[in-house]
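Chain by chain, the residues run as shown.
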Amino acid sequence: MRNTQATQLLFDQSHPGRRGTTFPASDVPERALDELIPAAQRAESLPELPEVTEPAVIRHYVNLSTLNMSVDTHFYPLGSCTMKYNPKRHERLAALPGLVDLHPYATAESSQGMLQMLFETQEMLAEIAGLPAVSLQPAAGAQGELTALLVAAAYFRDRGEKRTKVLFPDSAHGTNPASANIAGFECVQLPSTDNGFVDLDLLKEQLDDQTAVFMITNPNTLGMFEREIGTIAEIVHAAGGLVYIDGANMNAILGITRPGDFGGDMMHYNVHKTFTGPHGAGGPGSGPIAVRDFLAEYLPGPVVAKSDTGEFQLEQPAKSIGRVRSFFGNVGILLRGYCYLRTLGAQGLREVSENAVLNANYLLAKLKGVLPVPQGDRCMHEFVATAKTLATEKGITAMDIAKRLLDYGFHAPTVYFPMVVPEAVMVEPTETESKETLDAFAAAILAISEEDADYVHAAPHTTPVRRPDDVKAARQPNLRWTPTCE
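The model shown is predicted, which means the values in this text are computed figures rather than measured ones.

Chemist: Just checking my understanding: could you explain unusual backbone geometry for this structure?
Modeler: Peptide bonds are trans in most cases, and residues, glycine excluded, mostly fall at negative phi. Between Asn218 and the following residue, Pro219, the backbone shows a cis peptide bond with an omega angle of 0°. Between Ala459 and Pro460 the backbone carries a cis peptide bond, its omega angle lying at 0°. Mapped onto the elements of the fold, Pro460 is located in the loop between α16 (453-457) and α17 (470-475). Backbone geometry at Tyr416 places phi at a positive 60°, although glycine is not the residue there. Positioned with a positive phi, Thr430 is a non-glycine residue whose angle comes to about 65°.

Laid out in structure tokens, this is it:
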């Protein structure tokens, strides 16, 4: 049952004189406003704010919150984003007073507990990556990419090498070329083979003494492990370049294999994805980077170090590229990740990936009859299916499926990415979903494929907003409410 009155705009519920509280009389002598705030510093009139009661405010926001989809309320099979359940225990631990109340300018001597947790986080991330040096500074995965590329640029500059190119496959996340461009490199995209892997011959053709970095996601964006990753690393290293591993898909390989072991020189983590933390809609993230020992002195600082006496302190690497984030990094997410790692331990992390891969393959097997998977019958933690046949035969596109799923109570998977698959439907169930949820999701996809196309084209039928003009919203955003706003 929906309270439609409560979800009206607070401005529409406003009536002059209504209040949610009554303030007591002032206990200090009154003074003229001109004495307190100069006229030039005051607005000409009071802001137009809604005047409502406390129950109206509470009902408004509580009812609005029930319109949201989140990992706490729905299955979120958002491919390439690892939207898995966030343990509430870790939320509570990260919010302990001694952590959230610590002032960012507190001295190292008075911050030993926090510094120890951050130091141990660095150590654990280094071990998981198989790369010995870590900086917790970057505040998101994309910033981690940019930071690692700036580290690479500093490394080559220090060696007197002018390397200008960054190579990446056409299935790469869009942030890869964006990060490379911002870091000042020329971007070179390599078409993948028909089966979705790196084309070794093309890679060899493009590698030269101008190549700085080859960026690759492994497992790749199609949900497959690059079988020739060792050979790829050897080829790049032979040309004097570095191998960057996009860590977006670490959820598939935790405790099973390590980027440093299969040739990576640098990588970033998405702590908020791989080790859980609330994210999405521009929410908080954390993108620490791990690098080989010869790159450690270029890391952004400060990093946390442990002295011979057992005290923890902040240090700036000798040839650091400088800060990329204030203070210690995005501590709130790092602490959630720390709790996650300590809770699960080494064996638990391996089981995370084993179950993520199991769930993805189970769902692939359930769906491949209606949504074929061009790259094969097996995947890692995610897979990319295609709705091309369904679109051709019935006129039901990937976007139609995504919109209609909302009526079934499921968040839509990623669609139309990666672009190397036509009518792409990218599904990542994660390890935290049950067999019952996966079965219900597969049944919904099957039901949609058998529905009348015109009915599906009009979906969603149950949401307050149905099919907004995405292009207009992006190019002409309306970010301000006015009474005449349509």
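Chemist: Would you take a moment to explain the packing of helix α14 (residues 398-407) against helix α15 (residues 435-449) for this structure?
Modeler: The geometry of a pair of packed helices is captured by two quantities: the angle between their axes and the separation between those axes. In contact at an axis separation of 10 Å, α14 and α15 are set at 120° when each is read in the N-to-C sense. Here α14 is positioned oblique relative to α15, judged by the angle of their axes. Between α14 and α15 the crossing geometry is right-handed. Contacts between α14 and α15 involve Ile401, Arg404 and Leu405 from the former and Phe441, Ala444, Ile445 and Ile448 from the latter. Tallied by class, the residues present in the contact of α14 with α15 amount to six nonpolar, no polar and one charged.

Chemist: I tried to follow the environment of Glu48 on my own but got confused; where do I start?
Modeler: Its location among the elements puts Glu48 in the loop between α2 (33-36) and α3 (54-65). Owing to a relative accessible area of 72%, Glu48 belongs among the exposed residues under this scheme. Linking Glu48 and Ser111, residues 63 residues apart in sequence, is a C-alpha distance of 44 Å.

Chemist: Looking at this structure, I do not really get the environment of Lys403. What am I missing?
Modeler: For Lys403, the position within the fold is in helix α14. Leave out the neighbours within four places in its chain, and Lys403 touches Ala459, Pro460, Arg466, Arg467 and Pro468.

Chemist: I'm lost on the sheet that holds strand β12 (residues 424-427) in this one. Help?
Modeler: Paired through backbone hydrogen bonds, the strands of a sheet run either parallel or antiparallel to each other. Within the open sheet, the three strands sit side by side as β10-β12-β11. Their pairing is antiparallel. Taken across any chain shown, the strands that pair with only one partner, and hence form the sheet edges, are β10 (383-386) and β11 (414-415). Here β11 pairs with β12 via two bridges, running antiparallel. Looking at β12, one finds that Thr414 is bridged to Met426.

About the thresholds
Residues numbered from 1 in each chain as written. Predicted model: local features only at pLDDT ≥ 70, side-chain atom pairs only at ≥ 80, totals over all residues. Heavy atoms only, no water. Helix = DSSP H or I, 4+ residues; strand = E, 2+ residues; numbered from the N terminus. Axes fitted to C-alpha atoms, helices over the stretch in contact; angles between N-to-C directions. Parallel < 35°, antiparallel > 145°, perpendicular 65-115°, else oblique. Left-handed = near helix turned anticlockwise from the far one by under 90°. Contact = heavy atoms within 4.5 Å. Nonpolar A, V, L, I, M, F, W, Y, C, P; charged D, E, K, R; others polar. Buried < 20%, exposed > 50% of the residue type's maximum accessible area, 1.4 Å probe, protein only. Pairing = 2+ DSSP bridges.

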